[in-house]
Amino acid sequence: MNQTVPTPPPIVHTVADLRAAVAPRRHQGVPIGLVPTMGALHAGHASLVTASQAAGAFTVVTIFVNPTQFGPGEDFARYPRNLARDAALLAPAGADLIFAPATEEVYPPGFCTRAEVESLTRHWEGAARPTHFRGVTTVVLKLFNMAQPDFAFFGQKDLQQSVVVRRMVRDLDLPVEVRVCPIVREPDGLAMSSRNVFLSADERRRALCLPSALRDVEERFAAGERSAAILSAALRARIESTPGVQLDYAAIVDAETLEEVSAIAAPSAAIAALRVGATRLLDNALLGPEFRSR
Ligand code: PAF
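Residues numbered from 1 in each chain as written. Predicted model: local features only at pLDDT ≥ 70, side-chain atom pairs only at ≥ 80, totals over all residues. Heavy atoms only, no water.

*Asks:* For the overall build of the protein chain, give the residues involved together with the corresponding values.
*Replies:* What the protein chain contains, in helices and strands, is 10 helices and 9 strands. Counting the 294 residues in the protein chain, one finds 50% classified as buried. Once local pairs closer than 6 in sequence are excluded, the contacts in the protein chain between residues at least 24 apart make up 73%. Surface exposure of the protein chain reaches about 13,500 Å², of which carbon and sulfur atoms provide 54%. Averaged over its 30 positive side-chain charges, the protein chain has a centre that lies 2 Å from the centre of its 31 negative ones. (Helix = DSSP H or I, 4+ residues; strand = E, 2+ residues; numbered from the N terminus. Buried < 20%, exposed > 50% of the residue type's maximum accessible area, 1.4 Å probe, protein only. Contact = heavy atoms within 4.5 Å. Areas by Shrake-Rupley, 256 points an atom, 1.4 Å probe, with all protein chains shown as cover. Lys, Arg positive; Asp, Glu negative; His and termini not counted. Charge placed at Lys NZ, Arg CZ, Asp CG, Glu CD.)

Written as structure tokens, this is what we have:
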């Protein structure tokens, strides 16, 4: 049988070329879908492209390892970069265009403007990585302005990021609809992440305590447990009892404000982050009848 290999989408590197590629589709009335990424793509990213395609959008995937969201001593230098591999992965997913700008295209000399969402970024990832979200919102706002999408697709795996971006869109009246897509998991349950490649076989085995602790919380919640104290204690205990794993945080939070709750009465989330070896991993589970993720 003759199997045709799908052609990778074209790649543009400048804002001018991005706008020139998008404009004709916009004029035809086709919505524009944006999937912002830092590359090192996996099936989780492909699911965002699929969601954009399902929305009937001309789908632009941005690939840019954004330096401003990495703190000193974080993994910016070792973050995996392989544009050819990423482009090949995007072909079957149906992306229409890749925007892979150079650093100077995004941050020209003299760049000194930042976008910052306050309060929502104080806790959790924001506490562990104090300048991280300012870098994320600055680059996401820029990418929105560059591509002017109708829809933007983010993964639920980075729950706080999606909440922060949604708030920025609301607060600044940005004309884009943010859609958050479910976590995609490896067969063993680990949430797909570009950082999973850093894990040794042993670290990976230990890291599985994260999805399994969250599954346990979901099961307790499904069985009727509504005390956040009981659920977060179970989440924490399960992770802390795994040797070689360092718990960063584990909590039950309101899904919109990300503040800790005492009882689950509104849509909430179990969130956790841990360190295994030199790698930091995050995961979460949405708790609420409309939020069953597994
Ligand atoms: O989630 C990511 O990969 C990044 O934080 C994003 C949204 C592409 C901004 O650099």
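That covers the picture; the talk isn't over yet.
*Asks:* Please provide a residue-by-residue account of the sheet that holds strand β7 (residues 245-254), values included.
*Replies:* The 3 strands are arranged β7-β8-β9 in an open sheet whose pairing can be described as antiparallel. For this open sheet the edge positions go to β7 and β9 (279-287), each flanked by a neighbour on one side alone. Across the sheet, the mean angle from the axis of one strand to that of its neighbour is 15°, orientation sign disregarded. Bridge analysis of strand β8 (residues 268-276) against β9 gives 9 bridges, and the strand direction is antiparallel. Residue pairing for β9: Ala-273 is matched across the bridge by Leu-282. On top of the sheet, helix α10 (residues 228-240) reaches β7, β8 and β9; it is set at about 165° to β7, its chief contact. (Pairing = 2+ DSSP bridges. Axes fitted to C-alpha atoms, helices over the stretch in contact; angles between N-to-C directions.)

*Asks:* Give me the site of the ligand: which residues, what numbers.
*Replies:* In the vicinity of the ligand, the residues found are Pro-36, Thr-37, Met-38, Asn-66, Gln-69, Val-136, Val-139, Phe-154 and Gln-161. Interatomic distance of 2.6 Å between a side-chain N/O atom of Gln-69 and an oxygen atom of the ligand. For the ligand, whose accessible area on its own is 290 Å², the fraction buried by protein is 89%. When residues of the shell around the ligand are traced back to their parent elements, those giving at least two are β2 (32-37) and α6 (132-147). Looking at side-chain class alone, the shell around the ligand contains 5 nonpolar, 4 polar and no charged residues. (Near = heavy atom within 4 Å. Polar contact = N/O pair within 3.5 Å; in protein donor to acceptor, adjacent residues only side chain to side chain. Nonpolar A, V, L, I, M, F, W, Y, C, P; charged D, E, K, R; others polar.)

*Asks:* Talk me through the environment of Glu-203; I want residue IDs and the actual numbers.
*Replies:* Mapped onto the fold, Glu-203 is located in helix α8 (residues 201-207). With 79 residues separating them in the primary sequence, Glu-203 and Leu-282 have C-alpha atoms 14 Å apart. Leaving out residues up to four positions away in the same chain, Glu-203 has contacts with Phe-198, Val-276, Gly-277 and Ala-278.

*Asks:* Help me get a handle on the nonpolar core, residues and values and all.
*Replies:* One finds Leu-18, Val-60, Phe-99, Val-140, Phe-144 and Ile-271 to be the most contacted residues of the largest nonpolar core, which totals 46 residues. Every residue in contact with Val-60, bar those within four places of it in the chain, is listed here: Leu-18, Val-22, Ile-32, Gly-33, Leu-34, Val-35, Leu-97 and Phe-99. Counting residues in hydrophobic clusters, the runner-up holds 24 residues, among them Cys-209, Ala-213, Ile-239 and Ala-285. (Core = buried A, V, L, I, M, F, W, Y, C linked by side-chain atoms within 4.5 Å.)

*Asks:* Tell me what's going on with the packing of aromatic side chains, and back it up with residues and numbers.
*Replies:* What characterises a pair of aromatic rings is the spacing of the ring centres plus the angle enclosed by the ring planes. For the structure shown, the criterion picks out 6 aromatic pairs. Three or more aromatic residues joined by ring pairs form one cluster here, namely Phe-64, Tyr-107 and Phe-111. Between the NZ or CZ atom of Arg-78 and the centre of the ring of Phe-198, over which it lies, the distance is 3.8 Å. Sitting over the ring of Phe-151, Arg-179 keeps its end group 4.3 Å from the ring centre. (Phe/Tyr/Trp six-rings, centres within 6.5 Å; stacked < 30°, edge-to-face > 60°. Lys NZ or Arg CZ within 6 Å of the ring centre and 35° of its normal.)

*Asks:* Account for the side chain of Ser-193, naming residues and giving values.
*Replies:* Locating Ser-193 in the fold gives a position in the loop between β6 (177-181) and α8. In this structure Ser-193 comes out as buried when scored by relative accessible area, which is 13%. In terms of polar contacts, Ser-193 uses its side chain to reach the backbone amide nitrogen of Arg-195, at 3.0 Å. Apart from residues lying up to four places away in sequence, Ser-193 is in contact with His-42 and Lys-157.

*Asks:* Explain the pattern of salt bridges to me, using residue names and the numbers behind them.
*Replies:* A complete count under the given rule lists 14 salt bridges for this structure. The salt bridge partner of Arg-122 is Glu-259, with a shortest N-O separation of 3.8 Å. You can see Arg-122 sitting in the loop between α4 (103-106) and α5 (125-128) and its partner Glu-259 sitting in the loop between β7 and β8, a full 137 residues away along the chain. Taken together, the shared-partner salt bridges in this structure form one network comprising Glu-125, Asp-248 and Arg-280. (Salt bridge = Lys/Arg side-chain N within 4 Å of Asp/Glu carboxyl O.)

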